[in-house]
Amino acid sequence: MTTYLGRPVTQRAAGQHPIVTRDHLVVGTVAQLVNLITRHRAAGTLVAITTPRPLSADRFQVVMRLREPIRPGRRVTSVGDYARTRAAQRSRRRTRVAAFTGTIAGLLAVGAFLLGQLAEIATAHAAPILGVLGLAALAAGLTRRPRRHCRGC
């Protein structure tokens, strides 16, 4: 048997705690659906039900609207607004963390790529670079004044 939760609808009776009514899409065999409907009807939580729609030879689909009371420890004016607000806060926080993590990962990837390119250029052109550095050192050595062995010379 498969159950899918629907969007909650908040109802408030005068002087009572709010009651959430949800639509549940239920798929199952005839025996399973009869059992489920009987139990909810006996508990007083069944508000409405659609006619069964056949899906296959032995499976049917119905939409049941069930009454679900809110737990007394939770103080909110509207359960739907509360759930949407909390979900929005979580999603914004997750978006920020994901953006920060993605930015850092991207910068690290670019840095690794540029270091790889620098190493590749250095290895591909090692001989000319060492030749130029050697000539520069030789030129610097030849243009220096010769050292004297003492100050007076």
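Above: the structure in question.
What counts, and at which threshold
Residues numbered from 1 in each chain as written. Predicted model: local features only at pLDDT ≥ 70, side-chain atom pairs only at ≥ 80, totals over all residues. Heavy atoms only, no water. Helix = DSSP H or I, 4+ residues; strand = E, 2+ residues; numbered from the N terminus. Buried < 20%, exposed > 50% of the residue type's maximum accessible area, 1.4 Å probe, protein only. Contact = heavy atoms within 4.5 Å. Areas by Shrake-Rupley, 256 points an atom, 1.4 Å probe, with all protein chains shown as cover. Patch = residues over 30% accessible without salt bridge, like charges linked within 9 Å, V, L, I, M, F, W, Y side chains within 5 Å. Salt bridge = Lys/Arg side-chain N within 4 Å of Asp/Glu carboxyl O. Lys, Arg positive; Asp, Glu negative; His and termini not counted. Charge placed at Lys NZ, Arg CZ, Asp CG, Glu CD. Expected span 1.5 Å × (residues − 1). Arc of directions from axis to C-beta.

A. Local environment of the overall build of the protein chain. Across its full length, the protein chain holds 3 helices and 5 strands. Each helix (α) and strand (β) of the protein chain, taken in turn from the N terminus, gives the series β-β-α-β-β-β-α-α. Scored against the burial criterion, the 153 residues of the protein chain give a buried share of 14%. Considering only contacts in the protein chain between residues 6 or more positions apart, those separated by 24 or more positions represent 50%. As displayed, the protein chain has an accessible area near 12,200 Å², and 62% of this comes from carbon and sulfur atoms.

B. Expanded view of a positive patch on the surface. Taken together, R92, R93, R94 and R96 make up a surface patch of like positive charges. With respect to the helices and strands, R93 occurs in helix α2 (residues 79-124). Residue R93 is classed as partly exposed on the basis of its relative accessible area of 49%.

C. Representation of the pattern of salt bridges in the model. Scanning the entire structure with this criterion turns up 2 salt bridges. Across the pair R65 and D23 runs a salt bridge, and its minimum N-O distance is 2.7 Å. Placement of the pair is R65 in strand β5 (residues 60-69) and D23 in strand β2 (residues 19-28), with a sequence separation of 42 residues. A relative accessible area of 25% means that D23 is categorised as partly exposed.

D. Layout of helix α1 (residues 30-43). Helix length check: α1 (14 residues) gives 20 Å between terminal C-alpha atoms against 20 Å at 1.5 Å per residue, within 8%. If you check which residues of α1 are buried, you get L33, L36 and I37. The buried residues of α1 occupy an angular sector of 95° when the element is viewed end-on, so they sit on one face. For α1, the exposed residues set more than 90 degrees away from the buried face come down to A31, R39, A42 and A43.

None of this, on its own, says anything about what the molecule does.
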